[in-house]
Structures are given as C-alpha cells and as structure tokens.
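Spelled out, the chains give:
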Amino acid sequence: MSTQQGNRFFFNVDWITILLYVALCTIGVVNIYASIFNGSTASEFNFSTSYGKQLIYVITGLILGFSILLLDAKFFSIFSPIVYGITMLLLVLVLVVGRKVGGNQAWIPLGSFRLQPSELAKFGTALLLARYISTFSPKLRDIKSIFFAAVIIVIPLFLIMLQPDMGSGLVFLSFMFPLYREGLSGYFLLIFLGMIVLFIADFLVPIEILLPIVLAIGGLFIYQNRRKQKIMFSSIIVTVVAVLYLFTVKLAYNKLLEPHQKTRIEIMLGLKTDPKGAGYNVIQSKIAIGSGQLTGRGFLEGTQTKYGYVPEQSTDFIFSTIGEEWGFAGCFTVIALYIFMLLRVINLAERQRSTFSRVYGYCVASIIFFHVFINIGMTIGIIPVIGIPLPFISYGGSSLWSFTVLLFIFLKLDSNRMGFI
C-alpha cells in the first residue's frame, strides 16, 4: 500500500464507529470480569478465565476487523455467494457433528473453542441479500422478487430452527427492514406485527371469541374495498391466512418449541408463575437491575452478581451486571452508545452510492438493533428468554467475531464509497 493510499485509507474509514465498537467491547470485558468475581477471585490477570478469553477475542477481533479494511471492497460483492454457501454448509454440518448445549445443537467443537455457525450465517445472508438486490434491482412489489429474497433468508432460518435455536432464528426476521427500505410494501410489516398480536391473543382469548373478531375485522376491510378488486382480493387472502394461522399457532407451538421455551413464553404472558424454575433467571435479573438504582452499587460490589444469583450472567444476562453495578447511569450510557452506533450506521448507509453497500448497511443496523432490543428486553422481563447475546458485550468468541466481521465489512464498503458503484 502506497503512502497516498495509506493516507486515504486513514481518512476515509469512519473512526467514530470504530471508537464506539472499542467502547462497547471494553465495557464487555470489564463487566464479564465483574460477572465472575465472587470476592475471592484472584487479582492477577488470567487468560484462562472468561474475561481473559474475551480480551483475546477482542484483540483478535480488532486484528480481523483491520484486516478486512485492507481488502478490496469489491471482494465482498463478488464472493458473497461463496460466503453464503460456506455458512450454509456449516449450518448443515453442525446438525451432524455439533455439540448439544442447553438443548440446542448449535456449536461445532474445535478443541477448546466452540464455533457457532448461526452467528456467521448472519453476515453471509446479509452479503447475498445485498448482492441480489444490487444485481437484479427488484422492485420488491411482485411475488417473484419477494420470493427470491425470502428464499435467501428462509434457508438459514430453517436450518437454524432444526438445531433448534429459536433465538438465533428469529434474528433473521430483522432482514425485513432492509427489504422495506428497498421498496417492500409496508403491508408486510403490518402482517408481521399482526401475526405477533394474534399469537399472543391466541393464548389469552378463547378461540370462540377471537375467531369472530378476526372475521369481523377482515369482513369490514373486504366490504370497504369491494369496488377496488385488487385490494379486496388481498384482504380476502389476508383474512383466510389469519384464520388458518389461529388454528395452527397452538399446533406449531406444541410441535416446534422445546418445553423450556414454552414455559418462558407462558411466564411472560402471565399464564404461569415459576419463580424457582424457568422464571428464576428473569426475576433475579430484574432484582439486580433494580438494586442498582441511579448510579449502581459500584464496580465488583453487586451482591446479585458477586454471589451468582443470576445464571448465564456473562452471556445472555450481562446487562443485569451493568444495571446492578453501574445503575441507571450505566444502562443509559450503554443504550446511548448502541443508539449512536445504529444512527451512525444508518446515516452512513444512506450516503452510499452503491446499492450493495446501502442494503448491507441496513442489514447491519437491523441485526444489531434486533439483538440489542431482544437481549435487553429479556433481562427486564418484557420478552421471553430466547438466548441471544448482547452485541460486542456478551461473552463469546463466535458472537464477537461475527459482529466484528459484520460491522467492519460495512466500514470497508463505506471507506470506498466513491469508488464502488
């Protein structure tokens, strides 16, 4: 790389986003240390501990990220089908040789390290989806273009659900937002939200009451649009699908979900209380966060954290450590850093001259937002516990590296936005 190219590389890279990345990773290492501290933890640094390993993951992640910045930006578009194909093969491989942890066969053992292919599949899917939209320029208004985009998303979703890892699988629904940005009708988002509402209602309201309500609402839409044949036909289809959905929700719920996943959903909906079983994690997490109050109990002073009351506290429930030891101020700071990063990525995506870069940027923002929203929602009890990490903060090499690759690919595309059309 010449001196001129080096200077251009230095100035074109968005260092603000990199600083946000480093800040979140640092918060992660500090709070992972706090999550395993029990008052008798040795003060000297130890690479064999989870915080020591996480520091190694952060350092190697930075090396990986800056290596990505040195690649040609067109590499990611050209080789996106290959990257997607490799990640799909890994998802198939994990079903054969994977190790089962917590009821999910989601990890491939590699010595002392465990690789989670579902994490890698996120940026593989984002790359191919961006390639498809940038190459074929679909309007995403006709069935054909929507079908091909859906196939790209559904293949990894299906393979992940076979593990079965519902949490990682649900993340792939976040790809609806980049598609919406590129022209997908807002009706699809409304249908998606409607499915969530019907899912909840199917548990809380007897079918004898819920079915007439759905038919009445559908009939009203059909009657109001009786002179607009296209809209009326769509309303009929949506009504029929909604009715079928009502009768299949319980069947799918009983057949596809693991017992512990069903229990978590029932607890969240108030259908069951299990303070010493499935609801224990969330109750202890809420106690930890609430006890932090405004400024927290202080670093290494959290009793819920120090004495191990919150299970999985260095991974899925790391936010409870932040809440207990750093209080509302710490929670606000972490959430503000995420919001700043998301707004920054979206702003960078909008200034791209390349469709590929713009779509990929929105994929990055959507995946990170989905993870943050669900993870924090789990720890405060407004979303069922489905086990997904908090980006850049939760313990885990596969998670951190996949988010690093996901983000730094976009930073590379952005740094080359004037030369990659």
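The text that follows walks through the structure, step by step, so that each part is easy to find. (Residues numbered from 1 in each chain as written. Predicted model: local features only at pLDDT ≥ 70, side-chain atom pairs only at ≥ 80, totals over all residues. Heavy atoms only, no water.)

**What to know about the sheet that holds strand S3 (residues 113–115)**
- Reading across the sheet, the three strands line up as S1-S2-S3 and stay open at both edges, with antiparallel pairing between neighbours. The strands lining the two open edges of the sheet, one partner per strand, are strand S1 (99–101) and S3. Adjacent strand axes in the sheet meet at a mean angle of 50°, parallel and antiparallel pairs treated alike.
- Judged from the three bridges that link them, S1 and strand S2 (residues 104–110) form a sheet pairing that is antiparallel. If you follow Val-101 over to S2, its bridge partner there is Asn-104.
- Lying over the sheet, helix H5 (residues 80–97) contacts S1 and S2, oriented at roughly 95° with respect to S2. (Pairing = 2+ DSSP bridges. Helix = DSSP H or I, 4+ residues; strand = E, 2+ residues; numbered from the N terminus. Axes fitted to C-alpha atoms, helices over the stretch in contact; angles between N-to-C directions. Contact = heavy atoms within 4.5 Å.)

**Regarding the packing of helix H16 (residues 318–350) against helix H17 (residues 355–379)**
- Packing of H16 against H17 leaves a shortest axis separation of 9 Å and a crossing angle of 165°. It follows that H16 is roughly antiparallel to H17 by the angle criterion. Judged by the twist between their axes, the crossing of H16 over H17 is left-handed. For the pair formed by H16 and H17, the contact residues are Phe-319, Ile-335, Tyr-338, Met-341, Leu-342, Val-345, Ile-346, Ala-349 and Glu-350 on the first element and Arg-358, Gly-361, Tyr-362, Val-364, Ala-365, Ile-368, Phe-369, Val-372, Asn-375, Ile-376 and Thr-379 on the second.
- Grouping the constituent residues of the contact of H16 with H17 by class yields 15 nonpolar, three polar and two charged. (Parallel < 35°, antiparallel > 145°, perpendicular 65-115°, else oblique. Left-handed = near helix turned anticlockwise from the far one by under 90°. Nonpolar A, V, L, I, M, F, W, Y, C, P; charged D, E, K, R; others polar.)

**So, the layout of surface pockets**
- Roughly 1800 Å³ of internal volume is contained in the largest pocket.
- Around the largest pocket, the lining is made up of 46 residues, and of these Leu-170, Leu-173, Phe-192, Met-195 and Ile-196 lie nearest the centre.
- Breaking the lining of the largest pocket down by element, the ones donating at least two residues are helix H7 (143–161), helix H8 (166–171), helix H9 (176–181), helix H10 (186–204), helix H12 (229–256), helix H13 (259–268) and H17.
- In this structure, the second largest pocket encloses a volume near 1400 Å³.
- Around the second largest pocket, the lining is made up of 31 residues, and of these Tyr-187, Ile-191, Ser-234, Ser-235 and Val-238 lie nearest the centre.
- Among the elements of the structure, H7, H10, helix H11 (207–224) and H12 are those that each provide at least two residues to the lining of the second largest pocket.
- No other element matches the 10 residues that H12 contributes to the lining of the second largest pocket.
- When its residues are assigned to classes, the lining of the second largest pocket shows 21 nonpolar, seven polar and three charged. (1 Å grid on protein atoms, 1.4 Å probe; cavity = no way out; pocket = protein on both sides within 12 Å on 5 of 7 lines; lining within 4 Å. Points joined across faces, edges and corners; volume = space filled by probe spheres on them.)

**Some details on the pairing of S2**
- Extensive coverage of S2 is indicated by the burial of five of its seven residues.
- When S2 meets S3, the two strands line up antiparallel, connected through three bridges. Residue pairing in the sheet places Leu-110 in a bridge with Phe-113 of S3.
- Remark: two residues form the turn of the hairpin made by S2 and S3, two consecutive strands paired antiparallel; Gly-111 in that turn has positive phi of roughly 70°. (Buried < 20%, exposed > 50% of the residue type's maximum accessible area, 1.4 Å probe, protein only.)

**Observations concerning the nonpolar core**
- If you look at the biggest cluster of nonpolar residues, it comprises 99 residues, and the most contacted ones within it are Leu-129, Met-341, Tyr-360 and Phe-392.
- For this core, the element with the highest residue contribution is H17, accounting for 14 residues.
- Contact partners of Phe-392, with chain neighbours within four places excluded, come to Tyr-21, Leu-24, Cys-25, Gly-28, Tyr-338, Met-341, Ile-368, Leu-400, Phe-403, Thr-404 and Leu-407.
- Leu-198, Phe-203, Leu-210 and Ala-242 belong to the second largest nonpolar core, which has 12 residues in total. (Core = buried A, V, L, I, M, F, W, Y, C linked by side-chain atoms within 4.5 Å.)

**Digging into H16**
- The first and last C-alpha atoms of H16 sit only 32 Å apart over 33 residues, clearly below the 48 Å expected at 1.5 Å per residue.
- Trp-326 marks the point of greatest bend in H16, at about 130°. (Expected span 1.5 Å × (residues − 1). Bend = angle between axes of the 7 residues up to and from the residue.)

**Let's talk about the environment of Leu-110**
- Here Leu-110 is to be found in strand S2.
- Among the residues examined, Leu-110 registers a relative accessible area of 47% and is labelled partly exposed.
- It is 38 Å that separates the C-alpha atoms of Leu-110 and Ser-354, two residues lying 244 residues apart in sequence.

**A look at unusual backbone geometry**
- One non-glycine residue with positive phi stands out, namely Gln-293, at about 50°.
- Here Gln-293 falls in the exposed class, since its relative accessible area comes to 64%.

**Let's talk about the environment of Phe-177**
- Its place among the elements puts Phe-177 in helix H9.
- Counting along the chain gives 151 residues from Phe-177 to Thr-26, while the straight-line C-alpha distance between them is 29 Å.

**Structural notes on the environment of Ala-73**
- Here Ala-73 is to be found in the loop between helix H3 (50–69) and helix H4 (74–78).
- Along the sequence, Ala-73 and Ser-415 sit 342 residues apart, while their C-alpha atoms lie 8.7 Å from each other.

**With respect to the pattern of salt bridges**
- Here the structure, examined in full by the defined rule, presents seven salt bridges.
- The salt bridge involving Arg-181 is made with Glu-350; its shortest N-O contact spans 2.8 Å. In this pair, Arg-181 sits in helix H9 while Glu-350 sits in helix H16, placing the two residues 169 residues apart along the sequence.
- By relative accessible area, Arg-181 is classed as partly exposed at 32%. (Salt bridge = Lys/Arg side-chain N within 4 Å of Asp/Glu carboxyl O.)

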